[in-house]
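Listed below are the residues making up each chain.
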Amino acid sequence: MLDRVVVVGAGVVGLSIARVLSALEGLEVVVVEKEADVGWGASKANTGIIHSGYDDDPVKYPNRARLAVKGNRLWTTWAEQLSIPVDWCGSLVLARSLEDRRVLRKLLARGIRNGVPALRILDGEEVRALEPMVSEDVVEALWSPTAGVLSPYEATVALAENCVENGVKILTETLVKGVRVKGGSVEGVETSRGFIGARWVVNAAGLYADEIARMAGVSDYTITPRRGEYLVFDKDAGPKPSRILFPSPTPVSKGVVVETTVAGNLMIGPNAVDLPRDAKEETYTTKEGLAYVWREASKLVKKLPGKREVIRVFSGLRPQPSGGDFIVRVLEEPEGFVEAAGMRSPGLAAAPAVALEILRLMRLNGLDHGFKKRWKAERRAGLRIMGLGWDMLEKTVPRNPSYGRVVCWCEGVTEGEVVDAIRRGAKTIDGVKFRTRAGMGRCQGAFCRLRIAAILARELGKPIWSITVKGTGSELGVGDVKSLLEGEDVAD
Amino acid sequence: MRTLPTRRVDLLVVGGGPAGLAAAARASELGVRRVVLVDERRWLGGILPQCIHPGFGFHRYGRDMTGCELAEKLIDRVSSLDVDVYTEAHTVRMGYESYLSKTAEVLTPRGAFRFRAKTVVYAAGARERTCFEAGIVGSRPAGVYTAGEVQEMMDVWGILPGREAVVAGSGDVGLIVARRLTLEGVKVKAVVELMPYPGGLLRNVVQCLEDYQIPLLLSHVVLAVEGSKRVESVLVAEVDENLRAREETVKRIPCDLLVIAVGLIPRVELLAGAGAMIDPKTGGPVVNEFLETSLPGVFAAGNALVINDLVEHAMEQGELAAESAYRFIEDGGFRSASWKRVRVGDGLRFVVPQLLAGFRDVKLYLRASSPSENTRLLIPELEKSVRLRSVRPAEMITLTLKAEDVLKAERLTIKLV
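What you are looking at is a predicted structure, and each value in this text was computed from that prediction instead of being measured. (Residues numbered from 1 in each chain as written. Chains lettered and ligands numbered in written order. Predicted model: local features only at pLDDT ≥ 70, side-chain atom pairs only at ≥ 80, totals over all residues. Heavy atoms only, no water.)

1. A word on the overall build of chain B
Of the regular secondary structure elements, chain B holds 9 helices and 29 strands. In terms of overall size, chain B behaves like a compact globule, its C-alpha atoms giving a radius of gyration of 22 Å where 417 residues would be expected to give roughly 22 Å. With the C-alpha coordinates aligned to their principal axes, the bounding extent of chain B is approximately 65 × 55 × 45 Å. By residue count, 60% of the 417 residues in chain B fall in the buried class. (Helix = DSSP H or I, 4+ residues; strand = E, 2+ residues; numbered from the N terminus. Rg over C-alpha atoms; globule rule 2.2 N^0.38 Å. Buried < 20%, exposed > 50% of the residue type's maximum accessible area, 1.4 Å probe, protein only.)

This is the structure in structure tokens:
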């Protein structure tokens, strides 16, 4: 038997697990991912909130309740180690009615039971003193100082880079087609790139976790996609809240949130629309969904910026497990099959705690590797030119002029940053975007997409038309414009 | 913390498109000494170099040129003069320090500088509205590009962007791109226009669509994009009088390319950041008859001032801004006056300049709200009336007012009747 673990799914959960396992001596960790980059499933499109952990009923959903609180605390360390920008801004759950006030008290009681620190109920005046933009209808709020926001795709990239530094292999554009089980034990996974033998298979396949489980003969749950749509405003549009604003939750969802992203954009969303089980790629936006988000967000604040200030709308799918709770377990049958599935909200908050829990369970089930003497906890983020002072610029630019060549005008991203992102693993235009923010500004890439593609083409040695936005099948163009010089590379 | 190396200049031109180039050249010709032009791109000319089609410069030079040819002409003119040009120079921030000092922090591959300028001509151009701003929903695959981007793709980088296209918007850029795609063998299945009339110049409707039998769907809207990795189809519907989609008319058009040509927005972030007043009607700054913004000595020209239909308008604005900058430097600014705000009446979307005092004859740029025949442009306070055979929102209306007329009017209103 190989001492290898295959993690299926390079999302925030899969990579958190890989990171934790990469600390073990003598264990080879391989992550397989069907997309062209890490974090492109549920991890990419969500609120980016590190919930503090008062939401979940510890009786009905023990894993959610326990792991969110623990994960929130772990993120304070992980974010620092991995240089992930976080804003520990805290959150307010706003009450606008008597019924809402009852909900706040329930949340407070639950928070106390779950071990969430520093919760407090504020009256309407206190709320508006903290957040003047909050609607006059708001009578009370639950103040939770330990909540935070980060960029979920930056976090995923940071985890991936740290994993790679610690010897983890991440195979992208690798689709799992089967889980090989023999004599009641897993032997590995069949993929689009061939068989990978492994003693352990960790199922962190997000929306597809139920399908991976079935491949291993496990069929006691299903995952359905729950779609959430979002609107992102121009950086200059405001007012923006300093804290995360939640409505009082309903049984289905935490509701439409008003927040300021770590990058400084006002963002509202999501709604919650349950899709059929097979609709796992349907991340489209709808007029009705966006209108709903707008209406609900308008109830929380005095005034939203004009609709003209919206620079992007998007939707994401959260994996909703049939039982409601996170599925975090090591199975007896087949032996070696491990699951971190059903990572609906607060999956992002819980991810580091899920990873440690998986390690604990694997150890109980025979994983007996000791810790490495040399394991790199830290990951260094790339340079962000616009975040540097002019004195730092004076040192950086003469040494490497590409750090003085701005390619994304809206977000102020330089060629040097793009090249760095490519050297760190970006192979696509979206890969560059999620690492550098190039293309995330008000022009949405119309000014920079081609220059980014040209840099990718140069660095990867490919014709520019074949550079993809998001992996095979999403090439920028269909070929070269007709050319008299047949066969010559006109893209250069 | 160390401060930036600072360079003192008389005129800083931000933007090297037709307006900026014309401004830099004119200022230098007038004898303004230290003229600096900064532009973000590697080459000058703004979007002209990606316009390989003709239709440029006729009104000015009596010869129909391609965008590339006109760019070359403008660049040659600047090169022959004493203008200090910085390309790949990104202006990070602009600031207003004092009446005679404005700053711009600029990042270039050669390092970062601060310019301290007596005057600034701001000609940073426009950006294109995106599919999100057009309210198009659905998925977000590859193959959704703005019209300018498609132009740059084909004519600068040599990329064929798709095989079957739908163009959203019938402004000039959309029309020209529809033709350009057709010439390259791309099947343009439809140009979709929200309004009941085309958005671009009539000559372009004829030369770009009719000559190539490209269908123009008026009173239609692109609702949604479908496709996972690459565009597979778009949903299009007819709209009612309130421009709302009629659900029963929704149809699916299979294609692998959606070109977004739904208008331009002046790029005014730097100006607004420095404190200039912005006109919500134009999206550009509020200016007076010297094209001076609310920041003294900061002038605006080209599409950053107002979205122009003709390159000549952008160029003449650049030259006027340069002449104003010259006067500002020579005289230490302009005399105080009681500025009259031109009020926009019925039938018009906007007027530029917005503030008049009567120091000089002034050319007004106006845009009609809707197309109409046999109308009159009216300034009741001046008892001035100009007959117009036909007006169309796509075509800028211009009108020159005499300084003495402006001087004697108490107030000024302009409308179409």
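After that view of the structure, there is still more to cover.
2. Observations concerning the sheet that holds strand S14 (residues 187–192) of chain B
All names here are of chain B. In spatial order, the strands read S11-S19-S13-S14-S15; together these 5 strands make up an open sheet with parallel pairing. Strands with a single pairing partner mark the edges of an open sheet, and in this sheet they are strand S11 (144–146) and strand S15 (216–217). Strand contacts of helix H5 (residues 172–183): strand S13 (164–168), S14 and strand S19 (257–260), with the helix running at about 170° to S14, the strand carrying the most contacts. (Pairing = 2+ DSSP bridges. Contact = heavy atoms within 4.5 Å. Axes fitted to C-alpha atoms, helices over the stretch in contact; angles between N-to-C directions.)

3. Details of the interface of chain A and chain B
Counting residues at the interface gives 59 residues for chain A, matched by 55 residues for chain B. Carbon and sulfur atoms supply 59% of the area buried between chain A and chain B, which totals about 4,600 Å² over both sides. The three residues of chain A that bury the most area against chain B are A:Trp390, A:Trp409 and A:Val478, which together make up 17% of that side's buried surface. Across the chain A-chain B interface, the total number found is 4 salt bridges. Note that B:Glu88 is salt-bridged to A:Arg405, the shortest N-O span being 2.8 Å. The interface formed by chain A and chain B contains 15 residue pairs in polar contact (both at pLDDT 80 or more). If you list the elements that add at least two residues to the side of chain A that touches chain B, you get helix H7 (287–300), strand S19 (310–321), helix H9 (390–399), helix H12 (449–460) and strand S24 (479–480) of chain A. In this sheet, strand S12 (residues 159–160) of chain B lies alongside S24(A) in antiparallel orientation, the contact comprising 2 bridges. For A:Asp480, the partnering residue across the bridge sits in S12(B) and is B:Ile159. (Buried area = accessible area lost by both parts, 1.4 Å probe. Salt bridge = Lys/Arg side-chain N within 4 Å of Asp/Glu carboxyl O. Polar contact = N/O pair within 3.5 Å; in protein donor to acceptor, adjacent residues only side chain to side chain.)

4. A closer look at the packing of H5(B) against helix H6 (residues 202–209) of chain B
Residue and element names in this part refer to chain B. The contact between H5 and H6 brings their axes to 8 Å, and the two run at 15°. For the element pair H5 / H6, the angle class is roughly parallel. Once H5 is placed against H6, the crossing between them reads as left-handed. Residue-level inspection shows Asp172, Leu175, Ile176, Ala178 and Arg179 of H5 in contact with H6, the latter providing Asn204, Val205, Gln207, Cys208 and Leu209. Considered class by class, the residues forming the contact of H5 with H6 number 6 nonpolar, 2 polar and 2 charged. (Parallel < 35°, antiparallel > 145°, perpendicular 65-115°, else oblique. Left-handed = near helix turned anticlockwise from the far one by under 90°. Nonpolar A, V, L, I, M, F, W, Y, C, P; charged D, E, K, R; others polar.)

5. Focus on the confidence of the model for chain B
Summary statistics for chain B give a mean pLDDT of 96 and a share of 100% for residues scoring 70 or more. Scored by ipTM, the complex comes to 0.96, with pTM at 0.96. (pLDDT = per-residue confidence, 0-100.)

6. Some points on the packing of helix H1 (residues 18–30) of chain B against helix H8 (residues 311–331) of chain B
Residue and element names in this part refer to chain B. Direction vectors running N to C along H1 and H8 enclose 35°, while the axes themselves pass 7 Å from each other. The crossing of H1 and H8 is right-handed. Where H1 approaches H8, its residues Pro18, Ala19, Ala22, Ala23, Arg26, Ala27 and Leu30 are matched on the opposing element by Val311, Ala314, Met315, Gly318, Glu319, Ala322, Glu323 and Tyr326. Among the residues forming the contact of H1 with H8, the class breakdown is 11 nonpolar, 1 polar and 3 charged.

7. Points about the side chain of A:Asp100
Within the element layout of this structure, A:Asp100 appears in helix H3 (residues 98–114). A:Arg96 provides the closest opposite charge to the buried, salt-bridge-free A:Asp100, at an N-O distance of 5.2 Å. (Lys, Arg positive; Asp, Glu negative; His and termini not counted.)

8. Side note on the nonpolar core
Ranked by internal contacts, the top residues of the largest apolar core, which has 52 residues, are A:Val5, A:Val13, A:Leu21, A:Trp75, A:Val354 and A:Met362. By residue number, the principal contributor to this core is helix H8 (residues 347–364) of chain A, which donates 11 residues. Ignoring anything within four residues of it in the chain, the contact list for A:Trp75 reads A:Val12, A:Ile50, A:Glu80, A:Ile84, A:Trp88, A:Leu150, A:Ala155, A:Leu159, A:Leu348, A:Ala349 and A:Pro352. With 51 residues, the next largest nonpolar core counts A:Phe233, A:Leu300, B:Val221 and B:Val236 among its residues. (Core = buried A, V, L, I, M, F, W, Y, C linked by side-chain atoms within 4.5 Å.)

9. Some details on the confidence of the model for chain A
Per-residue pLDDT for chain A averages 95, and the proportion of residues at 70 or more is 98%. Contacts from residues 484–488 of chain A, a stretch scored under 50 in pLDDT, to residues over four places away or in other chains number 0 contacts.

10. Some details on the sheet that holds strand S10 (residues 137–138) of chain B
Read from one edge to the other, the open sheet built from 4 strands follows the order S10-S16-S17-S18 (chain B), with strand pairing classed as mixed. Both outer strands of the open sheet, S10 and strand S18 (251–254) of chain B, are each paired with one neighbouring strand and no more.

11. Points about the pairing of strand S10 (residues 176–182) of chain A
Residue and element names in this part refer to chain A. Here S10 runs beside strand S11 (residues 185–191); their pairing, made up of 6 bridges, is antiparallel. Its bridge partner being in S11, valine 176 is matched across the sheet by threonine 191. Between S10 and S11, which pair antiparallel one after the other, the connecting turn spans 2 residues, and glycine 183 there sits at a positive phi close to 55°.

12. Comments concerning H1(B)
Residues and elements named next belong to chain B. The end-to-end C-alpha separation of H1 is 18 Å, in line with the 18 Å expected for 13 residues at 1.5 Å each. Counted residue by residue, H1 has 10 buried out of 13 residues, so it is predominantly covered. Residues of H1 that are buried make contact with strand S1 (6–14), strand S2 (35–38), helix H3 (67–79), strand S5 (83–86), strand S8 (111–122) and H8. One or two residues past the end of H1 sits glycine 31, with phi positive at roughly 105°. (Expected span 1.5 Å × (residues − 1).)

13. Observations concerning the pattern of salt bridges
If you walk through the whole model with that rule in mind, you get 67 salt bridges over all chains. Its salt-bridge partner being B:Glu149, residue A:Arg449 comes within 2.6 Å of it at the nearest N-O pair. Of this pair, A:Arg449 sits in helix H12 while B:Glu149 sits in helix H4 (residues 147–155), on two different chains. Accessibility expressed as a relative area gives 1% for B:Glu149, which makes it buried. Note that B:Glu323 is salt-bridged to B:Arg26, the shortest N-O span being 2.8 Å. Within this pair, whereas B:Glu323 is found in helix H8, its partner B:Arg26 is found in helix H1, the two being separated by 297 residues in sequence.

14. As for the side chain of A:Arg243
All names here are of chain A. Following the sequence through the fold, arginine 243 ends up in the loop between strand S14 (223–233) and strand S15 (244–247). A polar side-chain atom of arginine 243 sits 3.3 Å from the main-chain carbonyl oxygen of leucine 130. Leave out the neighbours within four places in its chain, and arginine 243 touches Cys89, Gly90, Leu92, Leu130, Glu131, Trp143 and Val258.

15. Considering a negative patch on the surface
Residues and elements named next belong to chain B. A cluster of acidic side chains, namely Asp64, Glu69, Glu72 and Asp76, defines a negative patch on the protein surface. Mapped onto the fold, aspartate 76 is located in helix H3. Of the residues examined, aspartate 76 reaches a relative accessible area of 46% and is grouped as partly exposed. (Patch = residues over 30% accessible without salt bridge, like charges linked within 9 Å, V, L, I, M, F, W, Y side chains within 5 Å. Areas by Shrake-Rupley, 256 points an atom, 1.4 Å probe, with all protein chains shown as cover. Charge placed at Lys NZ, Arg CZ, Asp CG, Glu CD.)

16. Re the packing of aromatic side chains
In the structure shown here, the tally under the stated rule is 16 aromatic pairs over all chains. The interplanar angle of 70° and the centroid separation of 6.2 Å between the aromatic rings of A:Trp75 and A:Trp78 together place this pair among those described as edge-to-face. Highlighted residues: A:Trp75 and A:Trp78, both in helix H2 (residues 62–81), separated by 3 residues, approximately one helical turn. Overall, the relative accessible area of 6% leaves A:Trp78 in the buried class. Between A:Tyr153 and A:Phe434 the ring centres are 4.8 Å apart and the planes differ by 50°, which places this aromatic pair in the tilted class. Residue A:Tyr153 is located in helix H5 (residues 152–165), and its partner A:Phe434 is located in helix H11 (residues 429–436); the two are separated by 281 residues in the primary sequence. The burial state of A:Tyr153 is the same as that of A:Phe434; both residues are buried. By the ring-pair criterion, three or more aromatic residues cluster together here, those being B:Tyr99, B:Phe290, B:Phe299, B:Phe328, B:Phe334, B:Trp339 and B:Phe359. Its guanidinium or amino end placed over the ring of A:Tyr61, A:Arg64 lies 3.8 Å from that ring's centre, counting from NZ or CZ. (Phe/Tyr/Trp six-rings, centres within 6.5 Å; stacked < 30°, edge-to-face > 60°. Lys NZ or Arg CZ within 6 Å of the ring centre and 35° of its normal.)

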